[in-house]
Amino acid sequence: MGANSSSLSELPENEYLKKLSGAEAISENDPFWNQLLSFSFTTPTNSAELKLLEEATISVCKSLVENNPRSGNLGALIKVFLSRTKELKISAECQNHVFIWQAHNALFIICCLLKVFISQMTEEELQLHFTYEERTPGLYGVEHEDLIEELLCCLIQLIVEIPLLDITYSISLEAVTTLIVFLSCQLFHKEILRESIIHKYLMHGRCLPYTSRLVKTLLYNFIRQERSPPPGTHVFQQQTDGGGLLYGIASGVATGLWTVFTLGGVGSKPTPQQEQSSPLANQSLLLLVVLANLTDAPDSPNPYKQAIMSFKNTQDSTAFPSPSPHAFQINFNSLYTALCEQQKSDQATLLLYMLLHQNSNVRTYMLARTDMENLVLPILEILYHVEERNSHHVYMALIILLILTEDDGFNRSVHEVVSYCYVERIYLCLRDKYLHTNCLAALANMSAQFRSLHQYAAQRIISLFSLLSKKHNKVLEQATQSLRGSLSSDDSPLPDYAQDLNVIEEVIRMMLEIINSCLANSLHHNPNLVYALLYKRDLFEQFRTHPSFQDVMQNIDLVISFFSSRLEQAGAELSVERVLEIIKQGAVALPKDRLRKFPELKFKYVEEEQPEEFFIPYVWSLVYNSAVALYWNPHDIQLFTMDSG
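Residues numbered from 1 in each chain as written. Predicted model: local features only at pLDDT ≥ 70, side-chain atom pairs only at ≥ 80, totals over all residues. Heavy atoms only, no water.

Trainee: Could you clarify how one ought to interpret the overall build of the protein in this entry?
Mentor: Tallying secondary structure elements over the protein gives 30 helices and two strands in all. Buried positions account for 53% of the 645 residues belonging to the protein. A separation of at least 24 residues holds for 79% of the contacts in the protein among residues at least 6 apart in sequence. (Helix = DSSP H or I, 4+ residues; strand = E, 2+ residues; numbered from the N terminus. Buried < 20%, exposed > 50% of the residue type's maximum accessible area, 1.4 Å probe, protein only. Contact = heavy atoms within 4.5 Å.)

Trainee: Looking at this structure, how should I read the packing of helix H12 (residues 211-224) against helix H16 (residues 279-292)?
Mentor: With their axes 8 Å apart at the nearest point, H12 and H16 run at an angle of 140 degrees to one another. It follows that H12 is oblique to H16 by the angle criterion. Of the two possible hands of crossing, H12 and H16 adopt the one that is left-handed. Within the contact between the two elements, H12 uses Leu214, Val215, Leu218, Leu219, Asn221 and Phe222 and H16 uses Leu280, Ala281, Ser284, Leu285, Leu287, Leu288 and Leu291. Grouping the constituent residues of the contact of H12 with H16 by class yields 11 nonpolar, two polar and no charged. (Axes fitted to C-alpha atoms, helices over the stretch in contact; angles between N-to-C directions. Parallel < 35°, antiparallel > 145°, perpendicular 65-115°, else oblique. Left-handed = near helix turned anticlockwise from the far one by under 90°. Nonpolar A, V, L, I, M, F, W, Y, C, P; charged D, E, K, R; others polar.)

Trainee: Explanation requested: the environment of Glu123 in the structure shown.
Mentor: The topology assignment puts Glu123 in helix H8 (residues 123-129). Since its relative accessible area comes to 11%, Glu123 is described here as buried. It is 6.7 Å that separates the C-alpha atoms of Glu123 and Ile197, two residues lying 74 residues apart in sequence. Glu123 has contacts with Cys185, Ser196, Ile197 and Ile198, leaving out every residue within four places of it along the chain. In terms of polar contacts, Glu123 uses its side chain to reach the backbone amide nitrogen of Ile198, at 3.2 Å. (Polar contact = N/O pair within 3.5 Å; in protein donor to acceptor, adjacent residues only side chain to side chain.)

Trainee: Where do I start with the nonpolar core in this structure?
Mentor: Nonpolar side chains in soluble globular proteins tend to be buried together. One finds Phe81, Phe130, Leu350, Tyr353 and Trp620 to be the most contacted residues of the largest nonpolar core, which totals 158 residues. Of the residues forming this core, the biggest block, 13 residues, is contributed by helix H7 (residues 97-120). What Trp620 contacts, discounting residues up to four positions off in sequence, is Ile180, Leu183, Ser184, Gln186, Leu187, Val290, Leu639 and Phe640. Counting residues in each nonpolar core, the second largest holds 51 residues, with Ile462, Ile514, Val559 and Ala587 among its members. (Core = buried A, V, L, I, M, F, W, Y, C linked by side-chain atoms within 4.5 Å.)

Trainee: Can you help me understand the side chain of Glu149 in this one?
Mentor: When you line up the elements, Glu149 lands in helix H9 (residues 147-161). Here Glu149 sits buried without a salt bridge, and the closest side chain of opposite charge, Arg206, lies 5.1 Å off (N-O distance). In this structure, Glu149 is in contact with Tyr201, Gly205 and Arg206, ignoring residues within four places of it in sequence. (Lys, Arg positive; Asp, Glu negative; His and termini not counted. Salt bridge = Lys/Arg side-chain N within 4 Å of Asp/Glu carboxyl O.)

Trainee: Before we go on, may I ask you to explain the environment of Cys207 in this structure?
Mentor: The topology assignment puts Cys207 in the loop between helix H11 (197-203) and H12. Judged by relative accessible area, which is 1%, Cys207 ranks as buried. Residues Cys207 and Glu149, spaced 58 residues apart in sequence, show a C-alpha to C-alpha distance of 7.8 Å. Each residue touching Cys207, except ones within four places of it in the same chain, is listed here: Leu152, Cys153, Ile156, Tyr201 and Leu202.

Trainee: Is there a simple way to think about the state of the cysteines in this case?
Mentor: Disulfides are covalent bonds that link the sulfur atoms of two cysteine residues. In the structure shown here, the tally under the stated rule is zero disulfides. No disulfide involves Cys207; its nearest neighbouring cysteine sulfur is the one of Cys153, lying 4.8 Å away. (Disulfide = S-S within 2.5 Å.)

Trainee: Can you help me understand the packing of helix H27 (residues 527-535) against helix H28 (residues 550-570) in this one?
Mentor: Helix packing for two helices is described by the angle between their axes and how far apart those axes are. With their axes 10 Å apart at the nearest point, H27 and H28 run at an angle of 85 degrees to one another. The pairing of H27 with H28 is recorded here as roughly perpendicular in orientation. Side by side, H27 and H28 meet where Val530, Leu533 and Leu534 of the first sit next to Ile556, Val559, Ile560, Phe563, Ser564 and Leu567 of the second. Its residues assigned to classes, the contact of H27 with H28 comprises eight nonpolar, one polar and no charged.

This is the structure:
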């Protein structure tokens, strides 16, 4: 599938587009609209196709920007679309292909125009363009309807009320995409938008009552993962007998644009990627995370975030706490399944984070599941393949694990799965203090619940400590050499190794606390850890007298001494099986009161003071990189640099 560049090159000279963008006003009742909207094409499925289309029509868009104050044709087009959406639900029920087809085409043109308008002007200027209209003689002082609010409200109604069928899939997708485009004004501002005209419309007035229904519909779109119907589903395929009346009507008005406005061709065979993907699910999820991360208004909190925070399971019959203006119910089992299956995408991981962090109903439900490994393993896979993921995706995965490990029940049920796959990837995060701190915090939360640690997991814990020990010695040696060099030369600046040393010692301290916690709470359950500890006992010698580690080393030193003595008594040339047997016997014989008790390790995730400074650029980088058939010129983007996504 690809764009037909020879056809696209003719678009700037197309008579209908030239008339739309010209200075002459076009009445809403003009037959022109039927002709303009009777084109057929396979909706662009990627940014490359839309880029070709946008490049071909940029002159048309700029002409409309220039002439719209006189013609009001943008407003006329929107009114034509609004008038046709009033019958969309009935049209879907009656399988009225022509009506839905033309309404979709109108919305597609509106979306393409809006994207150019928003990228080239302020919100105030955009709002002004929505007020221009054809001047009718004798009608003065008539109050203009607010077309922006009416269009936004219409798009939301379309999403929540029109049944999702093959013939309505494209217009539902276009409605979601158009809302994203409306909100994309954030992309063209370096600062976080806190007082946006579009935000105000969406969080107040006529749009507000639809908040919970919109969030619920977007969630269900994500859950269902409905694939896009075959290209051309909403278009009438000519029958072998020459076609029926509807085909004749459609083809009769399809002059001009019908032949030139084609991307890939009607009825072309979908690619394997298309067959496996759900553009509506992807786009709905992106819109959902954008809405949920809008900044609160000065006089009211973000209603979409409130809806995310408060919805409940359909099987939960308890009353909603009051007040809960945007609460609703959804099938948690279906949501859980979708989240487990979709964690390869950043936006699905971000949604999981939002639900676990903000919705106590979802968090309680997930922690009560007996198949948590279905969720945990995809999260661990993100960490296991950390080199292939962006830092934000890794960050989200780590925070999710940290939130989950705050629960002791979770730690008891899945600690083996987590520790087995997790520990060896921690060293990849050592260069980032925040990442490695959260890595170890999650491991620390589980440490008191470790039971029957696999030998591989135990070995990796000690191997990580070995790596840190070598790194500590290397930095210490570099610092010493640097200090000696500075004494013989007054010109060379002294490198600052203190910070590196502090970071490494902080990580070593946390690793020692994790080992100590496991030994103090479940020594007799973890012979493999004791075995690994004894096998690498020399690693710990240098830290016995180190002032930063003396306290936490007491139990580790005691365990090493106690079991080393028992092994010496048993003689030399012991097999692995015999060593493990001696360790198990010794764990029973070692009095528990000889191990010093430390406060239980428990780390909790605390969101930063201004989370929007991180999340809003992150969300829009996801939209920029992941939205279906949306393209923005990277040179126009102000919110983030292109390498930050």
